[in-house]
Amino acid sequence: MFTYGVIRELMRWIESNPHRRITVDDCAEKTGYSKWYLQRYFHAVTGKTLAAYCREKRLVASARMLVEDNVTIEYVAVQHGFSSHDTFHKTFVRHYGMTPGEFRQKCRE
């Protein structure tokens, strides 16, 4: 039987790897459960899809880097597993409602 401990451990693993583009396949391999079962159970426990949770953790880590480090936005995107600046930009805007540049400027004011 699946336990909440599996989900907690998986969440810790995802949070400790914000630089990786973790996929559902990676998570299934990590836990030893099927993708289908893991995704259903993860959603039932957290209320979020597994893919959305992974993406959110990468975005939070990237937002932190945008504010704390003096590096380019492209560098932040690459460091957090986004395939391109455009993908990062669109995903960031969808999540935060502003561009990475606007977010950086607003947080540094």
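Bear in mind the structure is a predicted one, so any value in this text is a computation, not a measurement.

Rules and cut-offs
The residue numbers shown here count from 1 along each chain, following its written sequence. This being a predicted model, a pLDDT of at least 70 is required before a residue's local features are given, and a value of 80 or more before pairs of side-chain atoms are given or counted; all residues contribute to the totals for chains, interfaces and linings. Note: side-chain values were computed over all heavy atoms of the structure, leaving out hydrogens and water. Here, nonpolar core means buried Ala, Val, Leu, Ile, Met, Phe, Trp, Tyr and Cys residues that are tied together by side-chain atoms lying within 4.5 Å of each other. Using a 1.4 Å probe on the protein chains alone, a residue whose accessible area is under 20% of its type maximum counts as buried, one over 50% counts as exposed, and one in between counts as partly exposed. When checking whether two residues touch, look at their non-hydrogen atoms; a contact exists if any pair is within 4.5 Å. Helical segments are the DSSP runs of H or I of at least four residues, strand segments are the runs of E of at least two, and each set is numbered from the N terminus. UniProt positions are given in the numbering used here, feature names are shortened, and annotations may be inferred rather than shown by experiment. Here a polar contact means two N or O atoms within 3.5 Å. Within protein one must be a hydrogen donor candidate and the other an acceptor candidate, and residues neighboring in sequence count only if both atoms are side-chain atoms. Positive: Lys, Arg. Negative: Asp, Glu. His and the chain ends are not part of the count. Here, a salt bridge means any side-chain nitrogen of Lys or Arg that lies within 4 Å of a carboxyl oxygen of Asp or Glu. What the arc describes is the spread of directions from the helix axis to the C-beta atoms.

Participant: So what's going on with the nonpolar core? Which residues, and what values?
Facilitator: Grouped together as the largest cluster of nonpolar side chains are 14 residues, with contacts concentrated most on Leu10, Ile14, Cys27, Leu38 and Leu50. Other than its neighbours up to four places away in sequence, Ile14 contacts Ile22, Cys27, Leu50, Tyr53, Cys54 and Lys57. Core analysis: the second largest hydrophobic core is formed by 12 residues, Ile73, Ala77, Phe88 and Phe92 among them.

Participant: Outline the environment of Thr23, listing residues and values.
Facilitator: In this structure, Thr23 sits in the loop between helix H1 (4-15) and helix H2 (24-31). When its relative accessible area of 27% is taken as the criterion, Thr23 is described as partly exposed. Thr23 sits 38 residues away from Ala61 along the chain, and the two C-alpha atoms are 17 Å apart.

Participant: Can you tell me about the UniProt feature "domain: HTH araC/xylS-type" (unreviewed entry) in the protein chain, naming the residues and giving the values?
Facilitator: Here, the residues flagged by UniProt with the feature "domain: HTH araC/xylS-type" (unreviewed entry) are residues 8-106. Span residues 8-106 is 74% helix and 0% strand, its end C-alpha atoms 33 Å apart.

Participant: Give me the lowdown on the environment of Thr31, citing residues and values where you can.
Facilitator: Here Thr31 shows up in helix H2. Placed 13 residues apart in sequence, Thr31 and Pro18 show a C-alpha to C-alpha distance of 18 Å. Residue contacts for Thr31: discarding those within four places in its chain leaves Val6, Leu10 and Leu38. A polar contact is formed between the side chain of Thr31 and the backbone nitrogen of Tyr33, at a distance of 3.3 Å.

Participant: So what's going on with the side chain of Arg58? Which residues, and what values?
Facilitator: Here Arg58 lies in helix H4 (residues 50-68). No salt bridge is formed by the buried Arg58, whose closest oppositely charged neighbour, Asp26, lies at an N-O distance of 9.5 Å. Excluding residues within four positions of it along the chain, Arg58 makes contact with Pro18, Arg20, Arg21, His80, Gly81 and Phe82.

Participant: How would you sum up the pattern of salt bridges? Please name residues and give values.
Facilitator: One pass over the full model with this rule turns up five salt bridges. Between Arg20 and Asp26 there is a salt bridge, with its nearest N and O atoms 3.6 Å apart. For Arg20, a relative accessible area of 32% corresponds to the partly exposed category. With a shortest N-O distance of 2.8 Å, Glu56 and Lys48 are connected by a salt bridge. Taking the relative accessible area as the measure of exposure, Lys48 reaches 31% and is therefore partly exposed.

Participant: So what's going on with helix H7 (residues 100-108)? Residues and values would help.
Facilitator: For H7, the full list of buried residues reads Pro100, Phe103 and Arg104. End-on, the buried residues of H7 take up no more than an arc of 100°, which puts them together on one face. Across H7 from its buried face, at more than 90 degrees, point the exposed residues Gln105 and Lys106.

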